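Observations on the three-dimensional arrangement
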Amino acid sequence: MSKTIMIVDDEKNTREGLKWVLESTGAEIVLAQDGEQALVRLGTQPVDVILSDLKMPRVDGMELLDHVREEFPETDFVILTGHGTVETAVEAMKKGAFDYLIKPVNIEELQLLIERIFEQKALKQENERLRREVDDRYGFDSIIGRSAPMEGVFEKVRQVAPTRASVLIQGETGTGKEVIAKAIHFNSPRRRKPFIAVNCGALSQTLLESELFGHEKGAFTGAVKQKPGRFELAHGGTIFLDEIGETTPELQVRLLRVLQEQEFERVGGTKPVKVDVRVIAATNRDLKKEVDAGRFREDLYYRLNVIRLDLPPLRERPDDIPLLVHHFLKHFCKDHGRDLEVSPKAMSLLQNHMWPGNVRQLRTVMESAVILSTGKEILPKNLPDEIRNDAQPANSIRLRVGMTVADAERELIRATLTELQGNKAKAARLLGLGRKTLYRKLEEYEIEA
Ligand SMILES: Nc1ncnc2c1ncn2[C@@H]1O[C@H](COP(=O)(O)OP(=O)(O)OP(=O)(O)O)[C@@H](O)[C@H]1O
Ligand SMILES: [Mg+2]
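Residues numbered from 1 in each chain as written. Chains lettered and ligands numbered in written order. Predicted model: local features only at pLDDT ≥ 70, side-chain atom pairs only at ≥ 80, totals over all residues.

Overview of the overall build of the protein
Looking only at helices and strands, the protein has 19 helices and 16 strands in total. Radius of gyration (C-alpha) of the protein: 33 Å, far over the 22 Å computed for a compact globule of 449 residues. Structurally, the protein occupies a C-alpha span of about 110 × 60 × 40 Å along its principal axes. By residue count, 29% of the 449 residues in the protein fall in the buried class. Looking at the protein alone, contacts between residues at least 24 apart form 68% of all its contacts between residues at least 6 apart. (Helix = DSSP H or I, 4+ residues; strand = E, 2+ residues; numbered from the N terminus. Rg over C-alpha atoms; globule rule 2.2 N^0.38 Å. Buried ≥ 20, exposed ≤ 12 C-beta atoms within 10 Å, placed from the backbone. Contact = placed C-beta atoms within 7 Å.)

Some remarks on the domain arrangement of the protein
Annotation of the protein at the domain level lists domain 1 (4–129), domain 2 (148–312), domain 3 (315–394) and domain 4 (397–444). Taken over C-alpha atoms, the centre of domain 1 sits 85 Å from the centre of domain 4. (Domains from an automatic or database assignment.)

Quick word on the sheet that holds strand 2 (residues 28–32)
Spatially, 2-1-3-4-5 is the arrangement adopted by the five strands of the open sheet, whose pairing is parallel. Only two strands of the sheet have a single partner each, and these edge strands are strand 2 and strand 5 (99–102). Each adjacent strand pair in this sheet contributes to an overall mean axis angle of 20 degrees, direction not counted. Two strands pair when backbone bridges link them, and strand 3 (residues 49–53) and strand 4 (residues 76–81) are joined in this way by five bridges, in the parallel orientation. (Pairing = 2+ DSSP bridges. Axes fitted to C-alpha atoms, helices over the stretch in contact; angles between N-to-C directions.)

Observations concerning the nonpolar core
The biggest cluster of nonpolar side chains holds 40 residues, and the ones touching the most others in it are Ile169, Ile180 and Ile239. In terms of residues, this core owes the most to one element, helix 7 (residues 177–186), which gives five residues. Of all hydrophobic cores here, the second largest spans 27 residues; its members include Ile7, Val8, Leu51 and Ile79. (Core = buried A, V, L, I, M, F, W, Y, C linked by C-beta atoms within 7 Å.)

What to know about unusual backbone geometry
Omega for the peptide link from lysine 103 to proline 104 comes to -5 degrees, which places this bond in the cis form. You can see proline 104 is positioned in the loop between strand 5 and helix 5 (107–138). One non-glycine residue with positive phi stands out, namely glutamate 243, at about 55 degrees. Position of glutamate 243 among the secondary structure elements: in the loop between strand 10 (238–242) and helix 10 (249–261).

Details of helix 14 (residues 344–352)
Considered for burial, the residues of helix 14 that qualify are Ala346, Leu349 and Leu350. With its buried residues spanning 100 degrees around the axis, helix 14 presents them on a single face. Buried residues along helix 14 sit in contact with helix 13 (320–336), strand 15 (341–342), strand 16 (377–378) and helix 16 (385–388). (Arc of directions from axis to C-beta.)

Some thoughts on the sheet that holds strand 6 (residues 167–171)
The parallel open sheet is built from five strands, whose spatial order is 7-10-13-6-14. Looking along the sheet, the strands with just one partner apiece sit at the ends: strand 7 (195–199) and strand 14 (307–311). Shown here is a sheet whose adjacent strand axes are inclined to one another by a mean of 20 degrees, direction ignored. Pairing analysis gives five bridges linking strand 6 to strand 14, with the strands arranged parallel. Bridge pairing in strand 14 places glycine 171 opposite leucine 311.

A word on the site of ligand 1
Ligand 1 sits among 16 residues. The nearest are Ile144, Gly176, Lys177, Glu178 and Val359. Elements that contribute at least two residues to the shell around ligand 1 include exactly helix 7 and helix 15 (358–372). Of the residues in the shell around ligand 1, the class split is four nonpolar, eight polar and four charged. When we break the shell around ligand 1 down by domain, the ones giving at least three residues each are domain 2 (148–312) and domain 3 (315–394). (Near = placed C-beta within 6 Å. Nonpolar A, V, L, I, M, F, W, Y, C, P; charged D, E, K, R; others polar.)

Description of helix 2 (residues 35–44)
Of all the residues in helix 2, the buried ones are Gly35, Ala38 and Leu42. Seen along its axis, helix 2 keeps its buried residues to an arc of 55 degrees; they face one direction. Facing away from the buried side of helix 2, by more than 90 degrees, are the exposed residues Val40, Gly43 and Thr44. Along its buried surface, helix 2 packs onto strand 1 (4–8), strand 2 and helix 3 (61–71).

Here's the deal with the environment of valine 167
Positionally, valine 167 belongs in strand 6. The contacts of valine 167, once residues within four sequence positions are left out, are Val160, Ile184, Ile280, Ile307 and Leu309.

Concerning the packing of helix 13 against helix 14
At a minimum axis separation of 9 Å, helix 13 and helix 14 run at an interaxial angle of 120 degrees. The angle between the axes of helix 13 and helix 14 places the two elements in the oblique class. Between helix 13 and helix 14 lies a crossing whose hand is right-handed. Side by side, helix 13 and helix 14 meet where Ile321, Pro322 and Val325 of the first sit next to Met347, Leu350 and Gln351 of the second. Here the residues of the contact of helix 13 with helix 14 are counted per class, giving five nonpolar, one polar and no charged. (Parallel < 35°, antiparallel > 145°, perpendicular 65-115°, else oblique. Left-handed = near helix turned anticlockwise from the far one by under 90°.)

As for the environment of glutamate 133
Mapped onto the elements, glutamate 133 comes out in helix 5. For glutamate 133, a count of 10 C-beta atoms within 10 Å corresponds to the exposed category. Along the chain, glutamate 133 and glutamate 409 lie 276 residues apart, while their C-alpha atoms are 50 Å from each other.

Describing the pairing of strand 6
In terms of burial, strand 6 is largely enclosed, as five of its five residues are buried. Neither face of strand 6 is left uncovered, since the one carrying Val167, Ile169 and Gly171 and the one carrying Leu168 and Gln170 both have all their residues buried. Here strand 6 runs beside strand 13 (residues 278–283); their pairing, made up of four bridges, is parallel. The residue of strand 13 that forms the bridge with valine 167 is isoleucine 280.

Details of the pairing of strand 1
Sheet faces and side chains relate simply in a regular strand, where the side chains alternate between the two faces. In terms of burial, strand 1 is a largely internal element, four of the five residues being buried. As judged from the five bridges shared by strand 1 and strand 2, these two strands associate in the parallel manner. Within the sheet, the bridge partner assigned to threonine 4 lies in strand 2 and is glutamate 28. One ladder, built from four bridges, connects strand 1 with strand 3; its direction is parallel. Pairing of valine 8 across the sheet is with serine 52, part of strand 3.

Here it is, written out as structure tokens:
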């Protein structure tokens, strides 16, 4: 990082002396003899730190400070002051000066101060970089999917992100529920506040309760001091209640109250705690069915279900598979220092797999394939058995939830006949049907051999 320091003082000796000291820091030094000249220079050259005298002709130190705070908020300002004007220097600090030094300036003190300023600047830059990285990671660009069902999901995410409405995300394991929850948070006005994820299925309900709501000192054995819960930690931000379907009715009552009143008591406490938290919940069950079966409170269901996002399983959006494959390929090639393509055969196997573990499973498969492949291409032999052993793509049929048994049968008969070039005798044998039965079914399903 190149550094520039500006010294503003009407005394030539001070300027030259400070310049001589500060050159040892490796910074570029710019000199100005009063505030006016300083402002002119600032107009043409960015400066990281200004060291400025207070009393100067024309534009004095205080006035310069005002201008700098207004127009160059990134520039740090240090006041140089005589003994008599310390009070003014303190005034300047209130206006946003970084610090002040008393003249004659102690060289060591000055060097330390400059070091501290640049350290803080570096920290700030690092924070900003991390922040941008987080924004990228959870921005829409990193969520892969161009299939119609995913476009629908994105559209809804865009609409709900800016609001504070509760969202219920439903989807099978590995479909990206947490990814979507984060995308909502990081595209909302709450993005700079915490995103707190709690897995409601991972803890016993008693532990979960104190985890969510915190506890007072002495609330139970082992509660040696007061502990804030995740709801308090998420204040101003978003709480992600994962596997919400696993909660007990007692806990559901407490959750309902937080959602309704944005208020709760810590375990063992009586004083209500107010919070401003947006709730996103996720489940891989069909929560409405849980309600109908009496396992999930209806009132809580409706509170959570203000906006509902259903994440489609990967097998229902095969168009996304090649995109995800390339996305993970790029990611893991970078991680493992490889440069690989996916062979057409391997791609076709990947695209025809049913993916019971959805995107997470695909991700794992891609990582192992990148590690296992030795040549320039990922080959079928680099894929796990269960994927290689799938039916041959050309003559396979695709079963999906929502299809009737008759649909499946029709598909199977059609595919078998196609594969056997219309040979009905062979087809009947392969299908384990009597020839007459096959004829009847061909008629019933209106299949032309
Ligand atoms: N659309 C997507 N684009 C890129 N990566 C995705 C996508 N969907 C999921 N992933 C990745 O797949 C993995 C699983 O996603 P996530 O943890 O969000 O799933 P989940 O639905 O919460 O699963 P579970 O129900 O098992 O908790 C993560 O590594 C995530 O980064
Ligand atoms: Mg999850």
